[in-house]
There are 2 protein chains.
Amino acid sequence: MKITIKHYLLFTLLFSVSAIKAQRFAENQSKIVLVVHGGAGTINKKNMTPEKEANYKAALTLALQKGFNELKLGKSALDAVQAAVNVMEDSPLFNAGKGAVFTNEGKNELDASIMDGRTLKAGAVAGVTSLKNPVNAARAVMEKSQHVMMVGKGAEIFATSQGCETVPTSYFFTQERWQQLERAKKSEMGDRSAYNFDPRESMISGVSDEDKKFGTVGAVALDINGDLAAATSTGGMTNKRYGRVGDSPIIGAGTYCNNLTAGISCTGWGEYYIRLAIANRVSNLIEFKNISVEEATKQVISELGNLGGDGGIIALDQKGNVAMDFNTSGMYRGTIDENGNVSVYIFKN
Amino acid sequence: MKITIKHYLLFTLLFSVSAIKAQRFAENQSKIVLVVHGGAGTINKKNMTPEKEANYKAALTLALQKGFNELKLGKSALDAVQAAVNVMEDSPLFNAGKGAVFTNEGKNELDASIMDGRTLKAGAVAGVTSLKNPVNAARAVMEKSQHVMMVGKGAEIFATSQGCETVPTSYFFTQERWQQLERAKKSEMGDRSAYNFDPRESMISGVSDEDKKFGTVGAVALDINGDLAAATSTGGMTNKRYGRVGDSPIIGAGTYCNNLTAGISCTGWGEYYIRLAIANRVSNLIEFKNISVEEATKQVISELGNLGGDGGIIALDQKGNVAMDFNTSGMYRGTIDENGNVSVYIFKN
C-alpha cells in the first residue's frame with residue numbers, strides 16, 4: 001500500500017485525537033492511594049523484638065506494594081484491596097487466612113467482607129472453614145450472586161462454585177496459634193464462664209499472650225477512576241464458640257464504603273463495633289455533618305472508648321485523605337502514596 | 001403496741017414521702033407506645049379477602065395488646081417488643097417462627113435481632129433451625145453473653161443452655177409454605193440461575209404467589225422509663241440457599257435502637273437494607289441532622305427506592321413519635337397508644 005497524503009492526514013488526525021484523549025484521561029485521573037491495617041491492640045514494646053517488628057513491617061509493605069501494583073496498572077480499587085488483603089491472609093503473622101486463630105473446637109472459622117464505593121454493592125462471608133482467601137469469597141458473593149452475606153457451609157459451596165480456592169483444614173494449622181488456644185483454654189478454667197470472657201484476652205497476638213491484639217486485617221483503596229473500595233478479613237477469636245460472629249463480615253460495622261464519603265475498614269472489639277455500627281457511622285458523619293475523614297474517625301474512636309470498646313479504624317476519602325486512628329497502644333498499619341512511597345507503623349507516632 | 005403521737009407523726013411523714021414519690025413517679029413516667037410490623041411487599045387488594053384481612057389484623061392487634069400489657073405493668077421496652085414479636089412468631093400468618101418459609105433444602109433457617117436503646121446492647125442469631133422463638137435467643141445472646149451475634153448450631157447450643165425453647169423441625173411445617181417452596185423451585189427451572197433471582201419473587205406471602213411480600217416481623221416500644229427497644233425476626237427467603245443471611249439479624253441494617261434517636265425495625269429486600277445500613281442510617285440522620293423520626297424515615301425510604309430496593313421501616317422516638325413508611329403497595333403494621341387504642345393497617349392509607 002502506498003502512503004498517500006490522504007493516509008498521512010488521517011494518521012495525523014487519529015494521533016492527535018488519541019493524544020488529546022490521553023491528556024484528558026491523565027487530567028481526570030484520580031490520585032491512587034492505598035491504606036492497610038493488620039490489627040490493633042495492646043502491643044507491648046518490650047515484647048516486640050527488632051526482628052519481629054521487621055517481619056510485620058515487611059508484610060505490611062508487601063501488602064501495600066501488591067495492592068499498589070494493581071492501582072498502577074489502572075485496575076480497580078476492588079482489585080487493589082483484594083490483592084493487599086490476600087497478602088495478609090497468606091501470611092502467618094496476621095489473624096486472617098493462614099494465620100487464623102483456633103476456635104474452642106480446634107477449628108478455624110474465617111469471616112470477611114468487601115464493599116464497592118461506586119455502586120454500594122457489598123459481599124460478606126462468615127464462619128467459613130476451607131477457603132484459603134475469604135475476601136475472595138466475599139467478592140464472589142458481591143459480584144456473582146444477588147446476595148450480600150452468606151454463612152457457613154452454604155457460603156463455601158457457593159464460593160467453591162465460583163472458583164475460590166479451598167485448602168485442607170491443616171493449612172490453617174500453626175503451632176503458635178494452637179498453643180494460644182491451649183493457653184486460652186487453661187486460663188478459662190479460672191472463674192470466668194465459658195461465654196463470659198473479655199474477647200481481648202482471647203485474641204492473643206502473634207507477639208505474646210500479654211499483647212491483647214485484635215488480629216483483623218483490612219485495606220481501603222482509591223483508584224485512577226476516583227472509586228473507593230474497602231475490605232476486611234479475620235480469623236475471629238481464639239477459643240471462640242457458639243458460632244460467634246464479630247464485626248468484620250458485617251457491612252456497616254467492620255466495613256463500609258461510599259465514594260461520596262469514604263472507604264472504612266475496622267479492627268477491634270467486634271461487639272462494640274457492631275453496637276455502634278462504626279464503619280457506617282464514620283461514613284454518615286462525613287455525609288451528614290460535612291466533616292473530614294480525619295475528624296469523623298477521631299470522633300467515632302472517642303465514642304467507642306466512651307462505650308468501653310477499643311480498636312482502630314482506617315479510612316480514605318475520594319481526595320486521598322487518609323485517617324488511621326485507634327485507642328489501643330498500637331495498630332499495624334501503613335499507606336502507599338501515588339509515587340509508591342510506603343509508610344508503615346505499629347505504635348503511636 | 002400503743003399508737004402514740006410519735007407513731008402517728010412518723011406514719012404521716014412516711015405516707016407523705018410515699019405520696020410525693022408516687023406523684024413524682026407519675027410525672028416522670030414516659031408515654032408508653034408500641035409499634036409493630038408483619039412484613040411489607042406487593043400485596044394485591046384483589047387477593048386480600050375480607051377474611052384474610054381480618055385474620056392479619058387480628059394477629060397484629062394481639063401482638064400489640066400482648067406487648068402493651070407488658071408496658072402497662074411497668075415492664076421494659078425489651079419485654080414489650082419480645083412479647084409482641086413472640087405473638088407474630090407463633091402465628092402461621094407471618095414469615096417468622098412457626099410460619100417460616102422453607103429453604104431450598106426443605107429446612108427452615110430463622111434469624112432475629114434485638115437492641116436496647118438505653119445501653120446500645122444488642123443480640124442476634126442467624127440460621128437457627130430448632131428454636132421456637134428466635135427473638136428470645138437474640139435476647140439471651142444480648143443479656144447472657146459478651147457477644148452480639150451467634151450463627152447456626154453454635155447459636156442453638158447457646159440459646160438452649162439459656163433455657164430457650166426448642167421444637168422439632170416438623171413444628172415449622174405448614175402446607176402453604178411447602179407449596180410455596182415447590183412453586184419457587186418450579187419457577188426456578190426457567191432461565192434464572194439458582195443464585196441469581198429476585199428475592200422478592202421468592203418471599204411469597206401468605207396471601208398469594210402474586211403478592212411479593214417480605215415476611216419479616218418487628219416491633220419497637222417505648223416504656224414508662226422512657227427507654228426504647230427494637231426487635232426483628234424472620235424466616236428468611238423461600239428456596240434460599242448458600243446460607244444467605246438478610247438484614248434482619250444485622251444490627252444497623254434490619255434493627256437499630258438508641259434512646260437519643262429512635263428504635264427502628266425494617267422489613268424489605270434485605271440486601272439493599274444491608275448495603276445502605278438502613279436502620280443505623282435512620283438513627284444517624286436523626287442524630288446528626290437533627291430531623292424528626294418521620295423525616296428521617298421518609299428520606300431513607302426514598303434513598304432505598306433510588307438504589308432499586310423496596311420495603312418498609314417502622315420507627316419510634318422517645319417522645320412517642322411514630323413513623324411507618326414503605327415504598328411497596330402494603331405493609332402489615334400497627335400501633336397502640338398509651339390509652340390502649342389499637343390502629344392496624346395493611347395498605348397505604
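Just so we're clear, the structure is a prediction, and the values are computed from it rather than from any experiment.

A closer look at the relation of the copies chain A and chain B
Logical step 1: Superposition of chain A onto chain B requires a rotation of 180° combined with a translation of 0.0 Å along the rotation axis, giving an RMSD of 0.0 Å. Taken together, the rotation and translation relating the two chain copies correspond to the operation of a two-fold axis. No C-alpha of chain A lies nearer the rotation axis than that of F288 of chain A, which sits 3.1 Å from it.
Logical step 2: A symmetric contact is evident, with 100% of the interface residues of chain A recurring at the interface of chain B.

Focus: the confidence of the model for chain A
Residues and elements named next belong to chain A.
Logical step 1: Looking at chain A, pLDDT values average 88 and 85% of them are 70 or higher.
Logical step 2: Considering only residues more than four positions removed or in separate chains, one finds that residues 191-211, a stretch of pLDDT under 50, has 67 contacts.
Logical step 3: Overall fold confidence for the complex sits at a pTM of 0.89, while the interface term, ipTM, reaches 0.88.

Concerning the sheet that holds strand β11 (residues 311-316) of chain B
Residue and element names in this part refer to chain B.
Logical step 1: Strand order in the open sheet formed by four strands is β9-β10-β11-β12, with antiparallel pairing between adjacent strands. The open sheet terminates on both sides in strands that have one partner only, identified here as β9 (255-257) and β12 (322-326). Mean inter-strand twist for the sheet, computed between neighbouring axes without regard to direction, equals 10°.
Logical step 2: Sheet topology places strand β10 (residues 263-268) next to β11; six bridges connect them, and they run antiparallel. Looking across to β11, one finds that S265 is bridged to I314.

Points about the domain arrangement of chain A
All names here are of chain A.
Logical step 1: Considered domain by domain, chain A is made up of domain 1 (1-30) and domain 2 (33-347).
Logical step 2: Taken together, the four residues of domain 1 in the interface contact six residues of domain 2.
Logical step 3: Put simply, domain 1 and domain 2 have zero salt bridges between them.
Logical step 4: Summed over the shared surface of domain 1 and domain 2, the result is two residue pairs in polar contact (both at pLDDT 80 or more).
Logical step 5: For the side of domain 1 that touches domain 2, the class distribution of residues is one nonpolar, three polar and no charged.

Observations regarding the environment of G99 of chain A
Residues and elements named next belong to chain A.
Logical step 1: When you line up the elements, G99 lands in the loop between α3 (77-90) and β2 (110-116).
Logical step 2: Its relative accessible area of 0% is what places G99 among the buried residues.
Logical step 3: Separated by 44 residues in sequence, G99 and N55 have C-alpha atoms that sit 14 Å apart.
Logical step 4: When near neighbours in sequence (up to four residues on either side) are disregarded, G99 contacts E89, S91, P92, F94 and R177.

A closer look at the pattern of salt bridges
Logical step 1: Enumeration according to the criterion identifies 22 salt bridges over all chains in this entry.
Logical step 2: A salt bridge links E287 of chain A to R281 of chain B, with the nearest nitrogen and oxygen atoms 2.8 Å apart. In this pair, E287 of chain A sits in helix α9 (residues 278-289) while R281 of chain B sits in helix α9 (residues 278-289), so the two residues belong to two different chains.
Logical step 3: With relative accessibility at 30%, the residue E287 of chain A sits in the partly exposed group.
Logical step 4: A salt bridge links E271 of chain B to R244 of chain B; its shortest N-O distance comes to 2.9 Å. Placement of E271 of chain B in helix α8 (residues 270-275) and of R244 of chain B in strand β8 (residues 244-245) is noted, with a sequence separation of 27 residues between them.
Logical step 5: Several salt bridges share partner residues, and in doing so they unite D79, R139 and E143 of chain A into one network.

Overview of the interface of chain A and chain B
Logical step 1: The interface of chain A with chain B comprises 43 residues on the first partner and 43 residues on the second.
Logical step 2: Of the roughly 4,000 Å² buried at the junction of chain A and chain B (both faces included), carbon and sulfur atoms supply 61%.
Logical step 3: The interface formed by chain A and chain B contains two salt bridges.
Logical step 4: Counting every contact that joins chain A to chain B gives 19 residue pairs in polar contact (both at pLDDT 80 or more).
Logical step 5: Where the side of chain A that touches chain B is concerned, the elements lending two or more residues are β4 (149-151), α5 (152-161), β8 (244-245), α8 (270-275), α9 and α10 (293-307) of chain A.
Logical step 6: Examining the composition of the side of chain A that touches chain B, we find that seven residues originate from one element, α9 of chain A, more than from any other.

Quick look at the side chain of D223 of chain A
Logical step 1: Relative to the assigned elements, D223 of chain A resides in the loop between β6 (217-222) and β7 (228-234).
Logical step 2: Dropping the residues within four chain positions of it, D223 of chain A is found in contact with S30, K31, I32, L71, K75, S76 and A77 of chain A.

Side note on the side chain of H37 of chain A
Residue and element names in this part refer to chain A.
Logical step 1: Secondary-structure assignment places H37 in strand β1 (residues 33-41).
Logical step 2: At 2.9 Å, the side chain of H37 and the side chain of S265 are in polar contact.
Logical step 3: Beyond its immediate chain neighbours, meaning those up to four positions away, H37 contacts M88, T216, V217, G218, S265, C266, T267, I314, M331, Y332 and R333.

What about helix α6 (residues 175-188) of chain B?
All names here are of chain B.
Logical step 1: Between its terminal C-alpha atoms α6 stretches 20 Å, which fits the 20 Å expected from 14 residues at 1.5 Å a residue.
Logical step 2: Listed in full, the buried residues belonging to α6 are R177, Q180, L181, A184 and E188. Seen end-on, α6 carries its buried residues on one side only, within an arc spanning 100°.

Focus on the packing of α9 of chain A against α9 of chain B
Logical step 1: One can describe the packing of α9 of chain A onto α9 of chain B by two numbers: an axis separation of 10 Å at closest approach and a directional angle of 40°. Judged by the angle between their axes, α9 of chain A and α9 of chain B are oblique. α9 of chain A and α9 of chain B meet at a crossing whose hand is right-handed. When α9 of chain A is examined against α9 of chain B, the residues N280, R281, N284, L285, E287, F288 and K289 of chain A are found in contact with a partner set consisting of N280, R281, N284, L285, E287, F288 and K289 of chain B.

Concerning unusual backbone geometry
Logical step 1: Of note in the backbone geometry, N290 of chain A takes a positive phi value of approximately 55° without being a glycine.
Logical step 2: Its location among the elements puts N290 of chain A in the loop between α9 and α10.
Logical step 3: Given the relative accessible area of 71%, N290 of chain A is considered exposed.
Logical step 4: Positive phi, normally seen in glycine, also occurs at Y242 of chain B, with a value near 60°.
Logical step 5: Tracing the chain through its elements places Y242 of chain B in the loop between β7 (228-234) and β8.

Regarding the sheet that holds strand β12 (residues 322-326) of chain A
All names here are of chain A.
Logical step 1: Read across the sheet, four strands follow the order β9-β10-β11-β12 without closing on themselves; strand pairing throughout is antiparallel. The open sheet has two free edges, formed respectively by β9 (255-258) and β12, since each of these has just one partner strand. Adjacent strand axes in the sheet meet at a mean angle of 10° when their direction is disregarded.
Logical step 2: Bridge count between strand β10 (residues 262-268) and strand β11 (residues 311-316): six bridges; the pairing is antiparallel.

Reading guide: rules and limits
Sequence order as written defines residue numbering, which begins from 1 separately in each chain. Numbering of ligands from 1 and lettering of chains from A proceed in the order in which they are written. A pLDDT threshold of at least 70 governs which residues receive local features in this predicted model, and a stricter bar of 80 or more applies before side-chain atom pairs are shown or counted, although totals over entire chains, interfaces and linings include all residues. Values reported for side chains reflect all heavy atoms of the structure, with hydrogen atoms and water molecules removed beforehand. Least-squares superposition aligns the copies on the C-alpha atoms of those residues with pLDDT at or above 70 in both. Residues count as neighbours in contact if any of their non-hydrogen atoms are within 4.5 Å of one another. pLDDT runs from 0 to 100 and stands for how confident the predictor is about each residue. Between any two strands, pairing holds if DSSP finds at least two bridges. We count a stretch as a helix when DSSP gives it H or I for four or more residues in a row; a strand needs E for two or more, and each element gets its number in order from the N terminus. Simply put, an axis is a line fit to the C-alpha atoms, just over the touching stretch for a helix, and the angle between two N-to-C directions goes from 0 to 180 degrees. Start and end positions for the domains come from either an automated domain assignment or a database one. Any Lys or Arg side-chain nitrogen located within 4 Å of an Asp or Glu carboxyl oxygen qualifies as a salt bridge. A 3.5 Å cut-off defines polar contacts: any pair of N or O atoms within that distance qualifies, except that in protein one atom must be a possible hydrogen donor and the other a possible acceptor, and neighbouring residues in sequence count only when both atoms are side-chain atoms. Any residue outside Ala, Val, Leu, Ile, Met, Phe, Trp, Tyr, Cys, Pro, Asp, Glu, Lys and Arg is labelled polar, Gly included; the first ten of those are nonpolar and the last four are charged. Three exposure classes are used, based on accessible area relative to the maximum for each residue type with a 1.4 Å probe and protein chains only: buried under 20%, partly exposed in between, and exposed over 50%. Buried area, as used here, totals the accessible surface that two parts lose on assembly, with accessibility defined by a 1.4 Å probe and the loss added over both. One fewer than the residue count of a helix, multiplied by 1.5 Å, yields its expected span. The directions from the helix axis to the C-beta atoms form the arc being described. Between 65 and 115 degrees an angle is taken as roughly perpendicular, under 35 as roughly parallel, over 145 as roughly antiparallel, and anywhere else as oblique. Rotating anticlockwise by less than a right angle from the far helix to the near helix defines a left-handed crossing, while the corresponding clockwise rotation defines a right-handed one.

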